[in-house]
Amino acid sequence: MTAQTTVTLNNGLEIPALGFGVFQTPPEETISSVTTALEDGYRLIDTAASYGNEREVGEGFRQSGLDRSEIVVESKLWISDYQADKAEVGFEASLRRLGLDYVDLYLLHQPTPVDFDDTIAAYQMLEQKLAEGKVRAIGVSNFSPDHLTRLIEKTSIVPAINQVEVHPYFTNATVQHADATLGILTQAWSPIGGIHRYRPSDVPGSGNVLEHQVITELAAKYGKTPAQIVLRWHLDEGRSALPKSTKAARIAENFAVFDFSLAPAELAAIDALDTGLRGGPDPELLNTRSFPKAVDNS
Ligand code: A2P
């Protein structure tokens, strides 16, 4: 098998570029999805406290029989745990649910722009956990360039990762540029445009990128599937990508992308599909009042 692509974070930690996502994977399907992914060769699994399936991710890892050092586990603190007196409890609850004594990558799930002091307090807790060796690299998710600037001004460690919505219909170029300038890895959630399939009513006219002619023609040219073309686009542009599936055939399909690469003009043709319209929520509008769902850490 061709070796999988890796990326090196700004603190020197090398991680697989392609990971397995479990957003919207029900807990009862998570263990089997994770064990299937690990059997196929995935070594990076991305979850979050708010996904409600950290326990099953940890169990899937244990059932795989792999050594702890062989896999990279990534999770995220939800905004209900951002205040200074809550953040550590939230982090430790993630570790407890995962059944691990350290997590490889831990991110703030969202900025809370109108309560940014809470975002900073939560990030300072992550800095402390990094110093304690309970996490190997820290980062953020859904941060705009302005949120990154505001965070970096008040904290000591530049995030290693910014996990944001990136797919051909929303390339998030401004964020990618800011990340690159600051030495932050852009990691794509909804990398094959799944958000448009989960939330079709929110994005009028955006459709399914896997059916776009630019993608299907490249699929025919390379003898690959549309999803494989889009995942290769992420890897060839230097991003990390976290496709989600609960179906064994697709989990395998999404990992079979290490034996070809796209030409620069083909990458540019995919970049040109950008609509400028995000499928997910606008991070600027998120806070504990607009989104009161809290993670239960009991
Ligand atoms: P399912 O879990 O039923 O396979 P994203 O990771 O961009 O959010 O996309 C995830 C969505 O795309 C899910 O609805 C998933 O459905 C579907 N999906 C995952 N892999 C593929 C694939 N290779 N081809 C088509 N659809 C896929």
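Residues numbered from 1 in each chain as written. Predicted model: local features only at pLDDT ≥ 70, side-chain atom pairs only at ≥ 80, totals over all residues. Heavy atoms only, no water.

Tracing the backbone through its elements, the reader meets Arg-239 in the loop between helix H9 (226-236) and strand E10 (240-241). Residue classification places Arg-239 among the buried positions, given a relative accessible area of 2%. Of note is the side chain of Arg-239, whose polar atom sits 2.9 Å from the side chain of Gln-176. Among the polar contacts made by the side chain of Arg-239, one reaches the side chain of Glu-237 at a distance of 3.0 Å. What Arg-239 contacts, discounting residues up to four positions off in sequence, is Ala-17, Val-166, Gln-176, Thr-186, Trp-233 and His-234. (Helix = DSSP H or I, 4+ residues; strand = E, 2+ residues; numbered from the N terminus. Buried < 20%, exposed > 50% of the residue type's maximum accessible area, 1.4 Å probe, protein only. Polar contact = N/O pair within 3.5 Å; in protein donor to acceptor, adjacent residues only side chain to side chain. Contact = heavy atoms within 4.5 Å.)

The subject of this paragraph is the site of the ligand. Around the ligand lies a shell of 17 residues, among which Lys-244, Ser-245, Lys-247, Arg-250 and Asn-254 are the nearest. Here Pro-191 contributes a backbone N or O atom positioned 3.3 Å from an oxygen atom of the ligand. The dominant element in the shell around the ligand, judged by the number of residues it contributes, is helix H10 (residues 248-255), at 3 residues. Of the residues that constitute the shell around the ligand, the class distribution is 6 nonpolar, 6 polar and 5 charged. (Near = heavy atom within 4 Å. Nonpolar A, V, L, I, M, F, W, Y, C, P; charged D, E, K, R; others polar.)

The next thing to look at is the nonpolar core. Grouped together as the largest cluster of nonpolar side chains are 85 residues, with contacts concentrated most on Leu-9, Ile-15, Leu-105 and Leu-108. Residues contacting Ile-15, with those up to four places away along its chain left out, are Thr-6, Val-7, Leu-9, Val-72, Leu-105, Ile-161 and Leu-185. (Core = buried A, V, L, I, M, F, W, Y, C linked by side-chain atoms within 4.5 Å.)

Here we take up the sheet that holds strand E6 (residues 103-108). A sheet is described by the order of its strands in space; here 8 strands give the open sequence E3-E4-E5-E6-E7-E8-E9-E10, paired in parallel fashion. Looking at the sheet topology across the chains shown, the edges are occupied by strand E3 (20-21) and E10. As paired elements, strand E5 (residues 72-77) and E6 share 4 bridges and run parallel to each other. Within E6, the residue paired with Ser-75 across the bridge is Tyr-106. Here helix H4 (residues 116-131) sits on the sheet in contact with E5, E6 and strand E7 (135-141), set at roughly 160° to E7. (Pairing = 2+ DSSP bridges. Axes fitted to C-alpha atoms, helices over the stretch in contact; angles between N-to-C directions.)

All right, on to the pairing of E6 then. Taking burial as the measure, the 6 residues of E6 include 6 buried ones, the bulk of the element. Both E6 and E7 contribute to a ladder of 5 bridges, which runs parallel. Note on E7: the bridge partner recorded for Val-103 is Val-135. Each parallel crossover has a hand, and for E6 linked through H4 to E7 it is right-handed. (Right-handed = clockwise from strand over helix to strand, strands pointing away.)

Turning our eyes to something else, we now look at the environment of Thr-171. Following the sequence through the fold, Thr-171 ends up in the loop between strand E8 (161-165) and helix H6 (173-182). Each C-alpha atom, one on Thr-171 and one on Thr-155, is 28 Å from the other, the two residues being 16 residues apart in sequence. Excluding anything up to four places from it in sequence, Thr-171 contacts Val-166, Gln-176, Trp-233, Asp-271 and Asp-274.

Let's shift gears to helix H1 (residues 27-40). Over its 14 residues, H1 extends 20 Å from the first C-alpha to the last, a length consistent with the 20 Å expected when each residue adds 1.5 Å. Residues of H1 that are buried: Thr-30, Ser-33, Val-34, Thr-35, Thr-36, Ala-37 and Leu-38. (Expected span 1.5 Å × (residues − 1).)

The tally for this structure, following the rule as stated, stands at 8 aromatic pairs. Aromatic side chains Phe-255 and Phe-258 sit 5.1 Å apart centroid to centroid with 75° between the ring planes, which places their arrangement in the edge-to-face category. The exposure class of Phe-255 is buried, given its relative accessible area of 6%. If you follow Arg-68 out to its NZ or CZ, it ends over the ring of Tyr-102, 3.9 Å from the centre. Just above the ring of Phe-116 sits the side chain of Arg-150; from NZ or CZ to the centre is 4.3 Å. (Phe/Tyr/Trp six-rings, centres within 6.5 Å; stacked < 30°, edge-to-face > 60°. Lys NZ or Arg CZ within 6 Å of the ring centre and 35° of its normal.)

Quick look at the confidence of the model for the chain now. With 97% of its residues at a pLDDT of at least 70, the chain reaches an overall mean of 95. Considering each helix and strand of the chain separately, the mean pLDDT is smallest for helix H7 (residues 195-198), with a value of 76, and largest for E7, with 99. (pLDDT = per-residue confidence, 0-100.)

The next subject is the pairing of E7. Where burial is concerned, most of E7 is hidden: 6 out of the 7 residues are buried. Looking at chain direction, E7 and E8 are connected through 2 bridges and run parallel. Note that in E8 the partner of Ser-141 across the bridge is Gln-163. Crossover connection from E7 via helix H5 (residues 145-154) to parallel E8: handedness right-handed.

Tallied over the entire structure, the rule returns 15 salt bridges. Close ionic contact of Glu-132 with Lys-129 constitutes a salt bridge, the shortest N to O distance being 3.0 Å. Since its relative accessible area comes to 38%, Glu-132 is described here as partly exposed. Under the relative-accessibility criterion, Lys-129 is labelled buried at 2%. Between Asp-259 and Lys-224 there is a salt bridge, with the nearest N and O atoms lying 2.9 Å from each other. Here Lys-224 lies in the loop between helix H8 (213-222) and H9 and Asp-259 lies in the loop between H10 and helix H11 (264-271), a separation of 35 residues in the sequence. If you follow the salt bridges from partner to partner, you end up with Glu-88, Glu-92, Lys-129, Glu-132 and Lys-134 in one network. (Salt bridge = Lys/Arg side-chain N within 4 Å of Asp/Glu carboxyl O.)

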